[in-house]
Amino acid sequence: MGGIPFENGAVAFALTFGAGMCTCLGAAVVFFPSLVHYANNKFLAGSLAVASGVMIYVSFVEIFQKSQGGFEDAGFSYAEANCYTTLCFFGGILFNKGLNELAHFVSGDAEHHGHDLIIDFDQLQENLAKIAGEEVAAVAKGSVPGPAGVGDDLGAATSEVQLSEMVQKQEETVDDEGKDDEQKPDPKLVKMGMQTALAIGIHNFPEGLATFVATLDDPLVGAGLAIAIAIHNIPEGLCVSIPIYYATHDRWEAFKWAFVSGITEPIGAAIGWAILYRVMDDIAYGIVFGLVAGMMVSICVKELLPMALKYDPDDEVVTAGFVAGMAAMALSLVLFLVA
């Protein structure tokens with residue numbers, strides 16, 4: 001295979017960077033309270049399920065096969081290549097397990113699991129609506145000045161724009177009261193958000209490597225993988241930023257931790273580039289793709305699908321979203337072949 005063509009490397013890094021920064025896109029909700037209304041539990045569950053479907057399908061149908069092809073190109077028989085690919089696949093699962101254990105160790109919480117950090121966005125919306133309702137009641141009594149027109153038409157107060165204004169006003173009040181001892185940052189929520197950032201950051205590292213090496217070989221496969229990772233990085237950004245924001249009332253602090261968790265994805269790509277540049281022979285190709293396939297499947301089974309089912313315990317959208325993700329990836333690959 002020789003070295004990595006510059007144009008392929010640049011595209012691979014760009015896709016990886018874009019997917020990783022979608023964590024920041026999810027975290028940006030702290031700057032726009034009205035956006036919380038689009039982040040309900042079913043939407044998040046469906047997003048995670050679709051991403052899992054894409055990643056598992058491409059891992060078994062494309063990446064695993066590319067690994068075996070690499071070993072065969074290196075001169076191994078079909079049986080030997082399949083054996084080595086399978087070993088690398090399960091090696092990837094073990095490697096991802098090691099990363100999870102590292103996250104638990106560094107966070108100082110050996111019993112902590114990333115998918116246990118669930119933000120109930122349906123409950124969050126109810127809380128925001130309650131805040132807005134209390135504000136409307138205060139305006140009706142004349143005790144609190146409200147947004148223009150609220151006192152004249154209480155029915156209109158449930159509109160998204162006015163609700164956003166009310167929530168913003170409530171947040172400003174909380175910010176002012178934050179000087180009092182009662183409004184000190186909640187250490188439990190801060191710890192929750194930082195642990196989530198750590199767990200997500202560590203598992204974003206292999207995702208960045210996976211997107212990078214997949215794009216080097218086949219930009220179509222890499223783009224599909226990058227889209228899937230971008231989809232599930234958005235709710236992950238929410239899960240990092242919201243606990244920290246509600247604990248500290250500091251938007252930039254919340255956004256900073258989401259950025260830190262997302263930037264590990266392009267870091268993974270950069271390290272992959274440094275290691276693989278000019279040394280990517282057929283055997284290394286087979287090993288890397290086998291490991292990547294295992295890591296991607298492990299992330300889906302250990303993190304994404306359990307999180308999706310916690311957001312959707314009745315499985316109203318998870319199974320359908322998972323199949324839809326597989327179907328979308330399959331259709332794109334088929335269309336590419338017949339085009």
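Quick summary incoming for the structure in this document.

Conventions adopted
Residues numbered from 1 in each chain as written. Predicted model: local features only at pLDDT ≥ 70, side-chain atom pairs only at ≥ 80, totals over all residues. Heavy atoms only, no water. Helix = DSSP H or I, 4+ residues; strand = E, 2+ residues; numbered from the N terminus. Buried < 20%, exposed > 50% of the residue type's maximum accessible area, 1.4 Å probe, protein only. Areas by Shrake-Rupley, 256 points an atom, 1.4 Å probe, with all protein chains shown as cover. Axes fitted to C-alpha atoms, helices over the stretch in contact; angles between N-to-C directions. Parallel < 35°, antiparallel > 145°, perpendicular 65-115°, else oblique. Left-handed = near helix turned anticlockwise from the far one by under 90°. Contact = heavy atoms within 4.5 Å. Nonpolar A, V, L, I, M, F, W, Y, C, P; charged D, E, K, R; others polar. Core = buried A, V, L, I, M, F, W, Y, C linked by side-chain atoms within 4.5 Å. Phe/Tyr/Trp six-rings, centres within 6.5 Å; stacked < 30°, edge-to-face > 60°.

## Brief notes about the overall build of the protein
The helix and strand inventory of the protein stands at 10 helices and zero strands. The helix and strand sequence of the protein, counted from the amino end, reads α-α-α-α-α-α-α-α-α-α. Across the 339 residues that make up the protein, the buried fraction comes to 49%. Accessible area of the protein: about 15500 Å², with a carbon and sulfur share of 66%.

## Let's talk about the packing of helix 2 (residues 41-73) against helix 7 (residues 219-248)
Between helix 2 and helix 7, whose axes approach to 9 Å, the crossing angle comes to 150°. One way to sum up the angle between helix 2 and helix 7 is to call them roughly antiparallel. In the crossing of helix 2 with helix 7, the sense of the turn from one axis to the other is left-handed. Residue-level inspection shows Leu44, Ser47, Leu48, Val50, Ala51, Val54, Met55, Val58, Glu62, Ile63 and Lys66 of helix 2 in contact with helix 7, the latter providing Val221, Gly224, Leu225, Ala228, Ile229, Ile231, His232, Pro235 and Leu238. Grouping the constituent residues of the contact of helix 2 with helix 7 by class yields 15 nonpolar, three polar and two charged.

## Description of the nonpolar core
In this structure, Met55, Val213, Leu225 and Val292 are the most contacted members of the largest nonpolar core, which totals 58 residues. Contributions of two or more residues to this core are made by helix 1 (6-27), helix 2, helix 6 (187-217), helix 7, helix 8 (251-276), helix 9 (282-311) and helix 10 (318-338). Counting residues per element, this core draws most heavily on helix 9, at 16 residues. Apart from residues lying up to four places away in sequence, Leu225 is in contact with Met55, Val58, Ile63, Ala210, Thr211, Ala214 and Met296.

## Focus on the environment of Ala330
With respect to the helices and strands, the residue Ala330 is situated in helix 10. Sequence separation between Ala330 and Val58 is 272 residues; the distance between their C-alpha atoms is 8.1 Å.

## Let's talk about the packing of aromatic side chains
The tally for this structure, following the rule as stated, stands at 10 aromatic pairs. On the numbers, 5.7 Å between centres and 50° between planes, the contact of Phe71 with Tyr84 is tilted. Highlighted residues: Phe71 in helix 2 and Tyr84 in helix 3 (residues 78-107), separated in sequence by 13 residues. Their ring planes at 75° and their centres at 5.0 Å tell us that Phe76 and Tyr84 sit as a pair that is edge-to-face. Ring-pair connections join several aromatic residues into one group, and the members of that group are Phe60, Phe64, Phe89 and Phe90.

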